[in-house]
Amino acid sequence: MSSKMETRSETKYTLELVGKIKLSLLLKSALVGGVGGLIICSFRYLLSQSETLVRTLYYFVREHLIWLPVLLLAYLGIGMVVGLIVKTEPMIKGSGIPQVEGQLIGAFHINWLPALLKKYIGGLLSIGSGLFLGREGPSIQLNALVGQGVADLLHSPDYEKKILITCGASAGLSAAFSAPLAGVLFALEEVHKNFSSVILLTSMVSSVCASVIAGILFGTTPSLYVGQLSPLPVKLYLLVALLGILLGLFGCLYNKVLLTTQDLYAKIRRFTPFSRILIPFLLVIPIGLLFPELLGGGHHIITLVETQHFPLTVLLLYLMVRFLFSMISYGGGAPGGIFLPLLALGACFGALYGNGMQSILGFEKNYVLNFIVFAMAGFLTSVVRSPITASILITEMSGSFRNFLPVILVCLLAYVTAQLLPGKPIYESLLERMLPKQEQRHNSTGKEILELSIEPGSYMEHMKIKDLVWPRESLLVAIHRGCMEIIPKGDTILQAQDNLVVLTDGIYLNEVRSKLESAATSPSGS
């Protein structure tokens with residue numbers, strides 16, 4: 001009897017969230033953003049200091065090679081420590097974004113406090129040592145774990161816990177890059193993968209709280225501020241379109257090589273998960289001695305290519321080194337993300353493209369900086385397939401809204417090009433590789449709310465509710481049509497752009513989502 005009462009109570013609470021969000025949930029979201037913002041800002045500060053220190057160290061060792069054995073032993077020790085940390089908590093390896101998405105579909109169960117501590121330490125050691133890894137992935141997972149911790153400590157129901165994990169991920173990106181709007185869009189476009197008013201509002205609260213803390217500690221200057229970009233003349237938009245197509249191709253190549261690198265690590269039997277992590281720690285030493293300016297996630301090299309003029313041969317060399325060692329760094333499994341390394345690759349590609357086109361066509365030199373910024377947005381889009389997040393993120397990080405139209409254009413064409421080619425978004429591919437190894441898959445039994453929109457010309461459009469075959473494990477509880485909320489009845493005729501609110505059990509979430517999204521997006525004649 002008590003089990004049935006608990007189920008009814010949870011169902012009632014879940015349905016209440018469809019209508020009007022509770023103040024308590026907003027307060028919890030603010031708590032997640034505030035606490036997580038402090039953690040991420042400390043993480044961000046320590047990484048910036050350590051990366052500067054590491055570059056200085058390599059310049060010193062390059063002039064005093066007698067210290068090279070000491071450097072080798074130090075990196076071997078750091079690599080072993082990181083390997084032991086990952087061995088005790090495998091769910092912290094890599095960026096952490098696939099793990100967050102896996103939590104939200106009930107695939108993974110993570111003990112939040114040990115994972116938070118180990119991700120923080122492992123990320124500091126890995127990224128701070130100069131590996132080509134970014135801070136944003138760990139920041140997103142760290143703050144998502146904060147959201148999980150707040151939910152557990154306050155005994156929140158399962159559905160609310162997933163909301164707090166999502167808004168935690170949003171605040172993590174916001175604090176990592178001082179980009180609150182991009183954090184909100186990331187939660188909707190990449191993590192939740194659908195529009196939800198509840199996710200929108202809670203993510204806004206948590207992202208703003210985290211961004212305020214970042215603003216207090218780091219100032220309000222955008223993290224990749226390049227000054228005021230000159231508006232790009234319309235006559236150069238054809239070059240922007242070509243850049244978007246090339247970035248779409250380059251992004252697909254990146255995804256393919258990254259997954260192949262992981263396969264190569266796995267195929268070499270003597271490379272255990274522990275020894276894989278040691279490989280990038282040892283290979284980074286010769287790179288640091290030859291190219292200390294390339295070390296780290298990529299913030300330093302982005303600044304260099306934006307402010308200095310490099311020959312095309314040097315830019316090509318930088319692009320190749322960053323590309324290849326990014327694969328080695330991430331494939332090893334050390335805690336670290338790919339967002340910032342992607343932006344660094346995009347910046348190098350954009351500088352190479354912009355300078356090359358400038359030398360051929362003779363347009364003004366100051367427009368090369370525009371192409372660098374555009375390429376960062378386009379390359380991130382082609383790899384992650386989140387064009388809205390990428391365009392807003394680059395706009396916020398660069399502090400320039402004067403070229404928003406060409407940024408959208410390059411993201412759109414990069415996205416379309418990548419979508420037309422074989423392959424999936426990188427985080428989706430990485431998550432699929434992790435799922436078969438998990439014993440905790442499909443273990444979520446809580447109530448879930450699924451929101452999806454009916455696309456024009458789809459099978460659902462103009463259909464009566466009673467004439468559709470609904471998944472047996474689902475219940476249509478509301479239809480949002482513009483500003484109206486319609487109580488569904490059998491004779492209700494569905495229209496394009498209707499937002500359906502469906503209640504289901506967590507264990508059936510993936511199955512119900514797949515069936516309904518297919519009906520809501522597939523052409524009526526298919």
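In what follows, the structure referred to is the one given above.
A short tour of the structure in this document, coming up.

What counts and what doesn't
Residues numbered from 1 in each chain as written. Predicted model: local features only at pLDDT ≥ 70, side-chain atom pairs only at ≥ 80, totals over all residues. Heavy atoms only, no water. Helix = DSSP H or I, 4+ residues; strand = E, 2+ residues; numbered from the N terminus. Rg over C-alpha atoms; globule rule 2.2 N^0.38 Å. Buried < 20%, exposed > 50% of the residue type's maximum accessible area, 1.4 Å probe, protein only. Contact = heavy atoms within 4.5 Å. Areas by Shrake-Rupley, 256 points an atom, 1.4 Å probe, with all protein chains shown as cover. Core = buried A, V, L, I, M, F, W, Y, C linked by side-chain atoms within 4.5 Å. Phe/Tyr/Trp six-rings, centres within 6.5 Å; stacked < 30°, edge-to-face > 60°. Salt bridge = Lys/Arg side-chain N within 4 Å of Asp/Glu carboxyl O. Axes fitted to C-alpha atoms, helices over the stretch in contact; angles between N-to-C directions. Parallel < 35°, antiparallel > 145°, perpendicular 65-115°, else oblique. Left-handed = near helix turned anticlockwise from the far one by under 90°. Nonpolar A, V, L, I, M, F, W, Y, C, P; charged D, E, K, R; others polar. Pairing = 2+ DSSP bridges. Expected span 1.5 Å × (residues − 1). Disulfide = S-S within 2.5 Å. Polar contact = N/O pair within 3.5 Å; in protein donor to acceptor, adjacent residues only side chain to side chain.

### Section: the overall build of the protein chain
A count of helices and strands for the protein chain gives 19 helices and four strands. Taken over the C-alpha trace, the protein chain has a radius of gyration of 24 Å; the compact-globule value for 526 residues is 24 Å, and the two agree within 12%. Over its C-alpha atoms, taken along the principal directions, the protein chain stretches across nearly 75 × 55 × 45 Å. Scored against the burial criterion, the 526 residues of the protein chain give a buried share of 58%. By sequence separation, contacts in the protein chain at least 24 residues apart represent 82% of the contacts at least 6 residues apart. Accessible surface, the protein chain: about 22200 Å² in total, of which carbon and sulfur atoms supply 66%.

### What about the side chain of S139?
Topologically, S139 is positioned in helix α6 (residues 136-153). If sequence neighbours within four positions are ignored, S139 has contacts with I40, F43, G172 and A176.

### Considering the nonpolar core
Counting 143 residues, the largest nonpolar core has Y58, L243, Y254, F339, L343, F371 and I426 as its most contacted members. Residue contributions to this core peak at 13 residues, all from helix α15 (residues 368-384). Apart from the residues within four sequence positions on either side, L343 is in contact with L224, I302, M376, L380, I394 and M397. Counting residues in each nonpolar core, the second largest holds 17 residues, with M460, L476, I486 and A520 among its members.

### Points about the packing of aromatic side chains
In total, this model carries 16 aromatic pairs according to the counting rule given. Consider the rings of F132 and F325, whose centres lie 4.9 Å apart with planes at 85 degrees: the pair is edge-to-face. Of this pair, F132 sits in the loop between α5 (112-128) and α6 while F325 is found in helix α13 (residues 312-331), placing the two residues 193 residues apart along the sequence. For F325, a relative accessible area of 2% translates into the label buried. Ring geometry for F291 and Y318: centres 6.4 Å apart, planes at 85 degrees, overall edge-to-face. Of this pair, F291 sits in the loop between α11 (273-290) and α12 (299-307) while Y318 is found in helix α13, placing the two residues 27 residues apart along the sequence.

### Remarks on the pattern of salt bridges
Using the criterion set out here, one finds five salt bridges in the structure. Between K28 and E160 there is a salt bridge, with the nearest N and O atoms lying 2.4 Å from each other. Of this pair, K28 sits in helix α2 (residues 23-63) while E160 sits in helix α7 (residues 158-177), and the two are 132 residues apart along the sequence. The class for E160 is buried, based on a relative accessible area of 2%.

### Some remarks on the packing of α2 against α6
Here α2 crosses α6 at 140 degrees, and the two axes come no closer than 9 Å. By the angle between their directions, the pair α2 and α6 is classed as oblique. The crossing of α2 and α6 is right-handed. Between α2 and α6, the contacting residues are K28, L31, V32, V35, G36, G37, I39, I40 and F43 on the first element and P138, S139, L142, N143, V146, G147 and V150 on the second. Broken down by class, the residue content of the contact of α2 with α6 amounts to 10 nonpolar, five polar and one charged.

### Here's the deal with the pairing of strand β2 (residues 474-481)
Strand residues, when the strand is regular, have side chains that alternate between the two faces of the sheet. Counting buried residues in β2 gives six out of eight residues, a clear majority hidden from the surface. Across six bridges, β2 lies against strand β4 (residues 499-505) in antiparallel orientation. What sits directly across from I479, in β4, is L500. Here β2 runs beside strand β3 (residues 484-486); their pairing, made up of three bridges, is antiparallel. Within β3, the position partnered with I479 by the bridge is I486.

### Some remarks on the environment of L84
Within the secondary structure, L84 sits in helix α3 (residues 68-88). As for L84 and F274, which are separated by 190 residues in sequence, their C-alpha atoms are 7.1 Å apart.

### Considerations on helix α8 (residues 180-191)
With 12 residues, α8 should cover 16 Å at 1.5 Å per step; its first-to-last C-alpha distance of 15 Å lies within 8% of that length. Taking burial as the measure, the 12 residues of α8 include nine buried ones, the bulk of the element. Along α8, the residues classified as buried are A182, G183, V184, L185, F186, A187, L188, E190 and V191. Positioned one or two residues after α8, K193 has a phi angle of 60 degrees, which is positive.

### Here we look at the state of the cysteines
Scanning the entire structure with this criterion turns up zero disulfides. Residue C167 stays outside any disulfide, its sulfur separated by 9.7 Å from that of C209, the closest cysteine. Sulfur of C348: no disulfide; nearest cysteine sulfur belongs to C411 and is 18 Å away.

### As for the packing of α12 against helix α14 (residues 339-361)
Relative orientation of the contacting elements α12 and α14 amounts to 20 degrees, with a least axis distance of 9 Å. Taken together, the axes of α12 and α14 are roughly parallel relative to one another. For the pair α12 and α14, the sense of crossing is left-handed. For the pair α12 and α14, contact is made by H299, I301, I302 and V305 and by L340, L343, A344, A347, C348 and A351, respectively.

### Details of the side chain of K162
In this fold, K162 is placed in helix α7. Of note is the side chain of K162, whose polar atom sits 3.3 Å from the backbone oxygen of L104.

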